[in-house]
Amino acid sequence: EIMQSEHMSDKTRVSYEAYQQAKEVIPGGVTANIKYFDPHPIVMKEAHGSRLIDVDGNKYIDYLLCYGALVLGHGHTAVKEAVNEQINQTGTFIFGSPHNLEYEMARKLVDLFPGIDMVRYTNSGLEATLLSIRLAKAYTGKRKVAKFEGHYHGGYDEMLISVNPDLDEAGEASTPNAVPESSGLGKEDLDNTIILPFNDLEGTRRILTERQDELSAVILEPIQSGFIPADESFMKGLREITEELGILLIFDEVKTGFRLTVGGAQSLYNIEPDITSLGKVLGGGFPVGAVGGKKEVMNIMAPDRGKDILTAGVKDDVKDDIMFHSGTYNGHPVVLAAGLATIQELEKPNVMQNLLEKTNLLRQQLELLYKNYSITMQTVGMGSIFNIIFTDYEIKNYRDLNHANMELRKQLDYELLNQGIYTKPMNRYSMSIAHTDEDIQQTVQAHERAIKLVLGR
Ligand code: PMP
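Predicted model only: the values in this text are computed from it and were never measured.

Visitor: Hey, could you go over the overall build of the chain for me, with residue numbers and the actual values?
Guide: Of the regular secondary structure elements, the chain holds 14 helices and 18 strands. The globule rule puts the C-alpha radius of gyration for 457 residues at 23 Å, and the 23 Å found for the chain is close to it. Counting only C-alpha atoms, the chain reaches 80 × 55 × 50 Å along its principal axes. Burial status across the chain gives 44% buried among its 457 residues. Taking contacts inside the chain between residues at least 6 apart in sequence as the whole, the part at least 24 apart equals 69%.

Here you go:
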């Protein structure tokens, strides 16, 4: 029914034409595969606060928020001002040499995140997890890495495994197979990444114990896909096992950083990972990533390590040991100015609290609405991100999602787009401080209209 016409609806004709044009010079008309959806993506023109406006002039309440990055909503004044001020005061966009904002942001992250003593910057979350993993390999001298089934850490060969695998290829739940997520991956890639079962401490312990001599690190999203939290006992157990086995623990807080507490999931769980990967909110809407960690780990990339004052050089035997990390745009001053302004907003009294309360209010109201229509539904999440899952089965990991009614979700999501609620179909909901109570009411009303239209009630 949804796919009857070529374009999504009469309302999105200009989007459809823009997509057709883009397709000629951009594969699939999108700059990231994930931004595509059937029958065509919606092309945007403007955005303000909680609202997106597409090229047809349709307005949407935005719950995608650039995949969670825009925690202040679109075009927040404090960020705009910080960016302008940075450029105007320094006369440049980037120095290409050290500058004070690098220190300021690093100091902030050290203060906020229990597991962070030192910081290096990257330009994306992908680069942050990649650097985190190289650090673990260099530090431990071991070559392999373990990740959890269903967890996303950016799209490179080592991590493009078992993110969203078909269950008929994925094997036993407690010993998941490594399933490639892309063409171009080979057997050696699958052999280098060990797949673990999320929220299954015994399964995880067994695999880690068997592979301890090869494993440099375990990487995880403390909250899978931003909405399935690790059990507290699982998290505690994982920290203990990894420490026991000499495997580093990497928290990928690209999504969770600044969205549960300002200091990320590690503050909430009260667990110190050895290495933390950050991104998204940290850049205030500009491209960013960062890696933080314990001093002894982080310092293996210090180029001045082993410097001899008498010869004023780095000793040759130490030089060979220094781990490489570089990047033209690392620590970009405009990006860090935007990020610092964002964090400052979040640190103001009650801001984070209000964001969490608003998210909970929307969740409660949606749950109530679906209950009134006798539709089995739960919201799953923590902090300012959640998802809508049509099952009452308890959701603890990737495989549990298989119990949900995905077809209903899909039909509702397309109707919700039509009703002015923007999430990429099947995506989670992220909230921002720009979302008002009125937005919440309108969202709930749009859901009610969608239920009536899709289910004919
Ligand atoms: N890790 C996690 C947990 C993420 O959610 C993402 C992005 N969705 C990444 C890493 C990759 O970040 P980026 O898209 O900035 O490369």
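Visitor: Lay out the sheet that holds strand E7 (residues 215-220) in plain terms, naming residues and giving numbers.
Guide: The seven strands lie next to each other as E4-E12-E11-E10-E7-E5-E6, forming an open sheet whose pairing is mixed. Here the strands that pair on one side only, and so sit at the sheet edges, are strand E4 (118-122) and strand E6 (193-196). Strand after strand, the sheet turns through a mean of 20° between neighbouring axes, direction not considered. Note that E7 and strand E10 (residues 248-252) share four bridges and pair parallel. When the bridges of E10 are listed, Leu220 appears paired with Phe251. Lying over the sheet, helix H6 (residues 201-210) contacts strand E5 (144-148), E6 and E7, oriented at roughly 155° with respect to E6. Each of E7 and E10 touches helix H7 (residues 232-245); the most contacted strand, E10, lies at about 140° to it.

Visitor: Lay out the site of the ligand with the relevant residues and their values.
Guide: For the ligand, the set of nearby residues contains 13 residues, the closest of which are Ser124, Gly125, Leu126, Gly154 and Val254. Of the residues forming the shell around the ligand, the biggest block, three residues, is contributed by helix H4 (residues 125-140). For the shell around the ligand, the residue count by class is four nonpolar, six polar and three charged.

Visitor: I'd love a proper account of H4, names of residues and values included.
Guide: Taking 1.5 Å per residue, 16 residues should reach 22 Å; H4 reaches 23 Å between its end C-alpha atoms and fits that length. Looking only at H4, the buried set comprises Gly125, Glu127, Ala128, Thr129, Leu130, Leu131, Ser132, Ile133, Leu135, Ala136 and Tyr139. Gly141 sits one or two positions beyond H4 and adopts a positive phi of about 75°.

Visitor: Lay out unusual backbone geometry in plain terms, naming residues and giving numbers.
Guide: Residues Asp38 and Pro39 are joined by a peptide bond in cis, for which omega reads -10°. Note that Pro39 resides in the loop between helix H1 (13-25) and strand E1 (44-48). In the Ramachandran plot, Cys66 falls in the positive-phi region, its phi being about 50° despite a non-glycine side chain. By the secondary structure assignment, Cys66 is in the loop between strand E3 (59-62) and helix H2 (77-90). Under the C-beta neighbour-count criterion, Cys66 is labelled partly exposed, with 14 such atoms within 10 Å. Although it is not a glycine, Asn199 sits at a positive phi angle of roughly 65°. Tracing the backbone through its elements, the reader meets Asn199 in the loop between E6 and H6.

Visitor: If you had to explain the domain arrangement of the chain to someone new, which residues and values would you point to?
Guide: Each domain of the chain was delimited in the assignment, giving domain 1 (10-75 + 350-455) and domain 2 (77-347). For domain 1 and domain 2, the distance between their C-alpha centroids amounts to 27 Å. The interface is formed by 24 residues belonging to domain 1 together with 28 residues belonging to domain 2. Secondary-structure elements contributing two or more residues to the side of domain 1 that touches domain 2 are helix H12 (351-372), strand E15 (378-382) and strand E16 (385-389). Residue classes in the side of domain 1 that touches domain 2 are distributed as 13 nonpolar, eight polar and three charged.

Visitor: Hey, could you go over helix H11 (residues 333-347) for me, with residue numbers and the actual values?
Guide: The terminal C-alpha atoms of H11, which comprises 15 residues, lie 21 Å apart, in line with the 21 Å expected from a rise of 1.5 Å per residue. Listed in full, the buried residues belonging to H11 are Val334, Val335, Leu336, Ala337, Ala338, Gly339, Leu340, Ala341, Thr342 and Ile343. Residues of H11 that are buried sit in contact with H2 and helix H3 (100-112).

Visitor: Explain the packing of helix H13 (residues 406-418) against helix H14 (residues 437-455) to me, and be specific about the residues and the numbers.
Guide: Contact pair H13 / H14: the axes reach a minimum separation of 9 Å and the direction vectors enclose 125°. It follows that H13 is oblique to H14 by the angle criterion. Seen from above, H13 lies across H14 with right-handed handedness. Along its contact with H13, which presents Gln411, Leu412, Glu415 and Leu416, the element H14 presents Ala446, His447, Ala450, Leu453 and Val454. Considering only residue class, the contact of H13 with H14 consists of six nonpolar, two polar and one charged.

Visitor: Before we move on, can you summarise the sheet that holds E15 with the specific residues and values?
Guide: Pairing within the open sheet is antiparallel, and its three strands lie in the order E15-E16-E18. Since the sheet does not close on itself, it has two edges, and those belong to E15 and strand E18 (429-430), each with one partner. Sheet analysis places E16 next to E18, joined by two bridges and oriented antiparallel. When the sheet's bridge partners are listed, Ile385 is paired in E18 with Ser430. The sheet contacts of H12 involve E15 and E16, and relative to E15 the element is tilted by about 165°.

Visitor: Give me the lowdown on the environment of Leu401, citing residues and values where you can.
Guide: Mapped onto the fold, Leu401 is located in the loop between E16 and H13. Leu401 sits in the buried class, given 20 other C-beta atoms within 10 Å. C-alpha separation for the pair Leu401 and Ile389, spaced twelve residues apart in sequence, amounts to 7.8 Å. For Leu401, the contacting residues outside a window of four places in its chain are Ile389 and Ile395.

Visitor: Just give me the short version of the nonpolar core, but keep the residues and values in it.
Guide: Ala136, Ala217, Val218, Ile250 and Ala290 are the most contacted members of the largest nonpolar core, which has 109 residues in total. The greatest single-element share of this core, amounting to eight residues, is contributed by H11. Counting contributing residues per domain, this core is built from domain 1 (10-75 + 350-455) and domain 2 (77-347), each supplying no fewer than three. Among all residues touching Ala136, those that are not within four sequence positions of it are Val145, Ser216, Ala217, Leu248, Ile250 and Ile275.

Definitions and cut-offs
- Residues numbered from 1 in each chain as written.
- Predicted model: local features only at pLDDT ≥ 70, side-chain atom pairs only at ≥ 80, totals over all residues.
- Helix = DSSP H or I, 4+ residues; strand = E, 2+ residues; numbered from the N terminus.
- Rg over C-alpha atoms; globule rule 2.2 N^0.38 Å.
- Buried ≥ 20, exposed ≤ 12 C-beta atoms within 10 Å, placed from the backbone.
- Contact = placed C-beta atoms within 7 Å.
- Pairing = 2+ DSSP bridges.
- Axes fitted to C-alpha atoms, helices over the stretch in contact; angles between N-to-C directions.
- Near = placed C-beta within 6 Å.
- Nonpolar A, V, L, I, M, F, W, Y, C, P; charged D, E, K, R; others polar.
- Expected span 1.5 Å × (residues − 1).
- Domains from an automatic or database assignment.
- Parallel < 35°, antiparallel > 145°, perpendicular 65-115°, else oblique.
- Left-handed = near helix turned anticlockwise from the far one by under 90°.
- Core = buried A, V, L, I, M, F, W, Y, C linked by C-beta atoms within 7 Å.

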